[in-house]
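A look at the structure
These are the residues of each chain, in order.
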Amino acid sequence: MMATDPRLVGYLMRALAHEMAAVQQYLAQASLATMWQMHDHGQRFRRDAEEELNHAQQLIEHLLVLGIPANGVSLPPIRLGRTLEEMLLIDRGLEIEAIRLYEEAAHYSVRVRNPELQVLFTGLLQDEWGHLNDLDRLLTEIHKGSVSS
Ligand SMILES: [Fe+2]
Ligand SMILES: [Fe+2]
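Below or above, wherever it landed, is the structure these notes cover. These numbers come from a predicted model, not from an experiment. (Residues numbered from 1 in each chain as written. Chains lettered and ligands numbered in written order. Predicted model: local features only at pLDDT ≥ 70, side-chain atom pairs only at ≥ 80, totals over all residues. Heavy atoms only, no water.)

Glancing now at the overall build of the chain. A tally of regular secondary structure across the chain gives four helices and zero strands. Written out in order from the N terminus, the α and β elements of the chain read α-α-α-α. In summary, the chain has a C-alpha radius of gyration of 16 Å against a globular reference of 15 Å for 149 residues, a match within 12%. Dimensions of the chain along its principal axes, counting C-alpha atoms only, are 55 × 25 × 20 Å. A total of 149 residues make up the chain; the buried ones form 42% of that total. By sequence separation, contacts in the chain at least 24 residues apart represent 82% of the contacts at least 6 residues apart. Averaging the coordinates of the 13 positive side-chain charges in the chain and doing the same for the 21 negative ones gives two points 5 Å apart. (Helix = DSSP H or I, 4+ residues; strand = E, 2+ residues; numbered from the N terminus. Rg over C-alpha atoms; globule rule 2.2 N^0.38 Å. Buried < 20%, exposed > 50% of the residue type's maximum accessible area, 1.4 Å probe, protein only. Contact = heavy atoms within 4.5 Å. Lys, Arg positive; Asp, Glu negative; His and termini not counted. Charge placed at Lys NZ, Arg CZ, Asp CG, Glu CD.)

See below:
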């Protein structure tokens, strides 16, 4: 096995902490939206949580291949919001953080010629852009008044 670049491992661990925090945040928001009788949004948050869970699993697989136990990451604090709009704005911030992290990690993977991690980080980056675009679409609909907040 190739000696593992510590900075790449750092990106994998930071990414895992981000994804686990995102799972927790989206699950909590799914529960809140459901409590507020916003069942469609509850289901949407639940699907988001599952996508982030899938991201976490991809990261864990890569860590395990490198022989690194993917345990004990400490999670950054999560924020939920008191209205639907506030939740979406907080999520927007979370997705932007993910985009910054994956952009940096993908660039670094290119620089150190690690095509495998480059593919991983680039794929995750595309997904996070998709999440950000979905959030922006929803926020626009809320401002137009076609979605209740
Ligand atoms: Fe993610
Ligand atoms: Fe995301």
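Moving on, there is more to tell.
What follows deals with the coordination of the iron ion (ligand 2). Those protein atoms acting as donors to the iron ion (ligand 2) are Glu52 (OE), Glu95 (OE), Glu95 (OE), Glu128 (OE) and His131 (ND1), and they sit at 2.0 to 2.4 Å. When the donors of the iron ion (ligand 2) are listed by position in the chain, the intervening gaps give E-x42-E-x32-E-x2-H. Separating the iron ion (ligand 2) from the iron ion (ligand 1) is a gap of 3.7 Å, which Glu52 spans by donating to each of them. With Glu128 and His131 both in helix 4 (residues 115-144) and three residues apart, the pair spans about one turn of that helix. One exposure class covers both Glu128 and His131, and it is buried. (Donors = N, O, S within 2.8 Å, 3.2 Å for Na, K, Ca; no water.)

Moving on, we get to the side chain of Gln25. Relative to the elements of secondary structure, Gln25 occurs in helix 1 (residues 6-35). On the basis of relative accessibility, which here comes to 3%, the residue Gln25 falls in the buried class. Those residues in contact with Gln25 that lie beyond four places of it in its chain are Ile78, Arg79, Leu80, Ile90, Asp91 and Leu94.

The tendency in soluble globular proteins is for nonpolar side chains to be buried as a group. Core analysis: the biggest nonpolar cluster contains 23 residues, and Tyr11, Leu12, Leu59, Tyr102, Leu120 and Phe121 have the highest contact counts within it. Those elements giving two or more residues to this core turn out to be helix 1, helix 2 (39-65), helix 3 (84-111) and helix 4. Top element by residues in this core is helix 3. It accounts for seven residues. One finds Leu84, Leu94, Leu135 and Leu138 within the second-largest nonpolar core, a separate group that totals 16 residues. (Core = buried A, V, L, I, M, F, W, Y, C linked by side-chain atoms within 4.5 Å.)

Time to look at the packing of aromatic side chains. Counted under the stated rule, the structure contains four aromatic pairs. Ring centres 6.5 Å apart and planes at 75 degrees place the aromatic pair Tyr11 and Phe121 in the edge-to-face group. Of the two residues, Tyr11 is situated in helix 1 and Phe121 in helix 4; the sequence distance between them amounts to 110 residues. Given the relative accessible area of 3%, Tyr11 is considered buried. Where Tyr26 meets Phe45, the ring centres are 6.4 Å apart and the plane angle is 25 degrees; that geometry is what we call stacked. Of this pair, Tyr26 sits in helix 1 while Phe45 is found in helix 2, placing the two residues 19 residues apart along the sequence. Taking the relative accessible area as the measure of exposure, Tyr26 reaches 2% and is therefore buried. Members of the aromatic cluster, joined through ring pairs, are Tyr11, Tyr102, Tyr108 and Phe121. (Phe/Tyr/Trp six-rings, centres within 6.5 Å; stacked < 30°, edge-to-face > 60°.)

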